[in-house]
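These are the residues of each chain, in order.
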Amino acid sequence: MAIRDIEREHLDAAISEFDTTDRKAMLDTYGFGVSTGYLVHLNGRFYDPKALIGVAHKYATGRPLTASAFVTDNARAQLKALRVPVVKFKGLWWVNQGANYATERDGGYVWAGQRAKNGRAVPSWSNVMKLQEGQLVLHYTNKQITAVGTVHGHPREATDPESNLFEQYAPAGYLCPIDYRELANPISASEFPEELLATAPFDKNGKVNQGYLYPIGNDHILDVLAFLDARIPGLLAGTFTHRTHYEDQHSDEFAGSYESDPILESLLQFKNIVLEGVPGTGKSYAIDNIARQWRSRTGRSLHDFDGRPYRTTVMHPSTSYEDFIEGLRPVPSVRVDAPGYFDEAPARDTSFAVADGFFVEVCRAAVRTPHEDVLVLLDELNRCNIPSVFGDLLLTLESSRRAKLRSAGPSSGSAEDWSATTTARLPYSGRTFFVPDNVYVVATTNTTDRSVAPLDAALRRRFAFHRLEPELGEVTAPSILSSADRELFRSGARILENVNEHALRPCLGPDALLGHSYFYSIADALNDRSRNPADVIASYWRYTILPQLIDSVRALNADDILDSHTRPAWFDTHSEIEKKALDRAMDALGALDDYLAQLGLMLVVEGTGLARGARIAGIEVGDPGSDDELVLDDFDAAAGIDS
């Protein structure tokens, strides 16, 4: 049995064993080490993912897996398939800040001297150099945990950033950039659990040690995390109230050790990418994945747009240059300004003003936050008139023509801080426009949509293109289902995968395929125990999957392949399809017919001329083996088709 055959019931049994056994004893018993990058986060508790899968294998087969038998990525993949949350976690620290807390919070760092003024070195001070990107820090002051910080970059040697504010130290010291999240409800020392009091920040009497920075050890860290998770909503969500002012000087070093995905790597290289593919292949999900990886890969933060790490707009046939760049809008008041850069307010007249469009607003945010990156999603790009909407922007959008920040030091947050070799004059306001180097554009296109023109050649030269393919083999049935319902779900995914690969792709081309996201929607809906799972599966096939299948083949004038009666004639008129491929296509589509019959559905092709097309018919299926059980010919008769 492979790891992918582990079911939720086996995992639940392993979780139960972890819940009743000391973590160290559990890991030692099964030969696993402490997880250093990821944790399972389930029902308010945390677990080591690789060890959890190794033990779950015991409940599936009677034999646990050893740590050397598989890699962590295999464990994470199966946990993802079972819809079990896996979160990044790299370690937890405790810092005593006292009177200096507000200064360090506002600056976005922790700092300690290398030595005291009398020349003495203290180990808890040099711990600053042990902090790692992404680790959490508990900030303790006034007898309470006041904030949770996240390490923003690599620590380094640095002089006192506040010019001798820290009087107990000599000027030379250690600094690490920290993003602070100040707690709305600080955690008082009187609330600390015994597990926390048993860690390094506390002495044997449960009193806070009088040092600076201490690690929370592995012996009790999962219990400490569970305590914090119950008190701090979104503990690992990466939301901040005070961002660091310090850039990571070693982001290239960190990036070199980070395993990233090809989409993110292309975006970093080209700055503009298009994700193209048929519906349901995860194009929208991809940008969320990019945003999740950004900090770890680049060492930089993404600009926050109302709680989201990117700004998005949906393009459509009515999208105009005035919507995207700038245009005239009615205004309630009058103010006249001389034209300047695009990040300044546009001039106004007595009844209308030049209002900034979507992309100018994005670029303004980029020039005003030069030490953050700005991520943009242009959804359904090919539905708009690209030359009209982009206009003179295309040249400035090119990665080699982007504006650069003049200095890495403090910025005034103005476009004047940037050096641009290629600019455009905005037609309504007369302002100078450029695209800053910290803007990254992701666009999506639906290749099935035949109502739009091909992408403009000028845009194609300035974007890198990634085609996303269906991945139906990755779909996993929810573990709460019975074995029969689980097989009904799985067989649907297998059948559609075969229809994609053996019928639609070879006969109609890659733009006729259907994606995998429909099945993730079905899986989510199946978690509602109040509905019959077979009814849920059938309704999704009837109202989402089959309409898209009909639309895909109709766009290619191939409705006839959907009905078992019209299918042979369609294949007879397409002699370019080789016999072997034809046989596979007929088998795959025949299996689809049988599966739909099992769901009480069938595809019917009817009509003549322009009215000819496919539709979905509902049928009644009796109990297997009963007198009223329908066979395929009965379906045809019920649909009014001569068999």
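From a predicted model like this one, the values you see are computed outputs, not experimental measurements. (Residues numbered from 1 in each chain as written. Predicted model: local features only at pLDDT ≥ 70, side-chain atom pairs only at ≥ 80, totals over all residues. Heavy atoms only, no water.)

1. Observations regarding the pairing of strand β24 (residues 613-618)
Bridge analysis of strand β23 (residues 601-606) against β24 gives six bridges, and the strand direction is antiparallel. Bridging across to β24, Met602 finds its partner in Ala617. (Pairing = 2+ DSSP bridges. Helix = DSSP H or I, 4+ residues; strand = E, 2+ residues; numbered from the N terminus.)

2. Some remarks on the packing of aromatic side chains
As enumerated under the stated definition, the model contains 16 aromatic pairs in all. Look at Trp94 and Phe202: their rings are 5.2 Å apart centre to centre, the planes differ by 65 degrees, and that puts the pair in the edge-to-face class. In this pair, Trp94 is assigned in strand β4 (residues 92-96) and Phe202 in the loop between α7 (194-197) and β10 (213-215), connecting sequence segments 108 residues apart. Just as Trp94 is buried, Phe202 falls in that class too. (Phe/Tyr/Trp six-rings, centres within 6.5 Å; stacked < 30°, edge-to-face > 60°. Buried < 20%, exposed > 50% of the residue type's maximum accessible area, 1.4 Å probe, protein only.)

3. Remarks on the nonpolar core
In terms of nonpolar packing, the biggest core is built from 52 residues, with Leu504, Phe519 and Trp541 touching the most fellow members. Counting residues per element, the ones that place at least two in this core are α17 (483-508), α18 (517-525), α19 (533-554), α20 (567-572), α21 (579-599), β23 and β24. The leading source of residues in this core is α17, at ten residues. With residues up to four places along the chain from it excluded, the contact list for Leu504 reads Val499, Gly509, Ala512, Leu513, Leu514, Leu549, Val553 and Ile561. (Core = buried A, V, L, I, M, F, W, Y, C linked by side-chain atoms within 4.5 Å. Contact = heavy atoms within 4.5 Å.)

4. Concerning the sheet that holds strand β2 (residues 45-47)
Hydrogen bonds between backbone atoms are what pair the strands of a sheet, whose relative direction is either parallel or antiparallel. As summarised here, the arrangement of the three strands in space is β2-β1-β3, forming an open sheet in which the pairing is antiparallel. Every interior strand has two partners, whereas the edge strands, β2 and β3 (86-88), have only one. Across the sheet, the mean angle separating the axes of adjacent strands is 40 degrees when strand polarity is ignored. Here strand β1 (residues 38-42) pairs with β3 via three bridges, running antiparallel. Across the sheet, residue Tyr38 finds its bridge partner in β3, namely Lys88. (Axes fitted to C-alpha atoms, helices over the stretch in contact; angles between N-to-C directions.)

5. Digging into the side chain of Arg23
Topologically, Arg23 is positioned in helix α2 (residues 23-30). Judged by its relative accessible area of 12%, Arg23 is buried. In this structure Arg23 touches Val34, Ser35, Asp48, Asn218, Ile221 and Leu222, once residues within four positions along its chain are discounted.

6. Let's talk about helix α11 (residues 283-298)
End to end, α11 covers 22 Å across 16 residues, agreeing with the expected 22 Å (1.5 Å per residue, within 8%). Along its length, α11 shows its largest kink, about 35 degrees, at Arg292. The complete set of buried residues in α11 reads Lys283, Ala286, Ile287, Ile290, Ala291, Gln293, Trp294, Arg295, Ser296, Arg297 and Thr298. Phi for Gly299, located one or two positions after α11, is positive at around 75 degrees. (Expected span 1.5 Å × (residues − 1). Bend = angle between axes of the 7 residues up to and from the residue.)

7. Section: the pattern of salt bridges
Per the counting criterion, the structure on display carries 31 salt bridges. Here Arg83 ties to Asp524 by a salt bridge, and the two come within 2.9 Å at their closest N and O atoms. In this pair, Arg83 sits in the loop between α4 (72-81) and β3 while Asp524 sits in helix α18, placing the two residues 441 residues apart along the sequence. In this structure, the salt-bridge partner of Arg494 is Glu487, at a minimum N-O distance of 2.4 Å. Exposure remark for Arg494: the relative accessible area of 41% places this residue in the partly exposed category. On the basis of relative accessible area, Glu487 is assigned to the partly exposed category, the value being 36%. One network of salt bridges, in which partners are shared, links Arg467, Glu469, Glu501, Arg505 and Asp511. (Salt bridge = Lys/Arg side-chain N within 4 Å of Asp/Glu carboxyl O.)

8. Let's talk about unusual backbone geometry
A positive phi angle is found at Lys143, which is not glycine, with a value near 60 degrees. As for its position among the elements, Lys143 is in the loop between β6 (136-141) and β7 (144-151). Non-glycine residue Asp306 carries a positive phi angle of around 50 degrees. You can see Asp306 is positioned in the loop between β12 (301-302) and β13 (311-314).

9. Looking at the environment of Val40
Its location among the elements puts Val40 in strand β1. A sequence separation of 36 residues divides Val40 from Arg76, and the C-alpha atoms of the two residues are 9.0 Å apart.

10. Structural notes on the confidence of the model for the protein
Reading fine detail from the predicted coordinates is not recommended where pLDDT is low. For the protein, the average pLDDT comes to 83, and 87% of its residues sit at 70 or higher. Under a pLDDT of 50 for its full length, residues 248-260 has, in the predicted model, 24 contacts with residues more than four places off or in other chains. Confidence drops under a pLDDT of 50 for residues 623-643, and excluding neighbours within four residues, the segment shows 24 contacts in the predicted structure. (pLDDT = per-residue confidence, 0-100.)

11. Let's talk about the packing of helix α10 (residues 262-270) against α11
The contact between α10 and α11 brings their axes to 10 Å, and the two run at 70 degrees. Taken together, α10 and α11 sit at an angle that is classed as roughly perpendicular. Read as a crossing pair, α10 and α11 show a hand that is right-handed. Contacts between α10 and α11 involve Ile263, Leu264, Glu265, Leu267 and Leu268 from the former and Ala286, Ile290, Gln293, Trp294, Arg297 and Thr298 from the latter. Each residue belonging to the contact of α10 with α11 can be placed in one class, and the counts come to seven nonpolar, two polar and two charged. (Parallel < 35°, antiparallel > 145°, perpendicular 65-115°, else oblique. Left-handed = near helix turned anticlockwise from the far one by under 90°. Nonpolar A, V, L, I, M, F, W, Y, C, P; charged D, E, K, R; others polar.)

12. A few points about the environment of Asp587
One can find Asp587 in helix α21. A residue is classified by how much of its surface remains accessible, and Asp587, at 57% relative accessible area, is exposed. Separated by 85 residues in sequence, Asp587 and His502 have C-alpha atoms that sit 8.6 Å apart.

13. Some remarks on the packing of α17 against α21
Relative to each other, α17 and α21 sit at 145 degrees, their axes nearing to 8 Å. Like other packed secondary-structure pairs, α17 and α21 cross with a definite hand, here left-handed. In contact with Leu488, Ser491, Gly492, Ile495, Asn498, Val499, His502, Ala503 and Cys507 of α17, α21 contributes Ala581, Arg584, Ala585, Ala588, Leu589, Ala591, Leu592, Tyr595, Gln598 and Leu599. A breakdown of the residues in the contact of α17 with α21 according to their chemical character gives 13 nonpolar, five polar and one charged.

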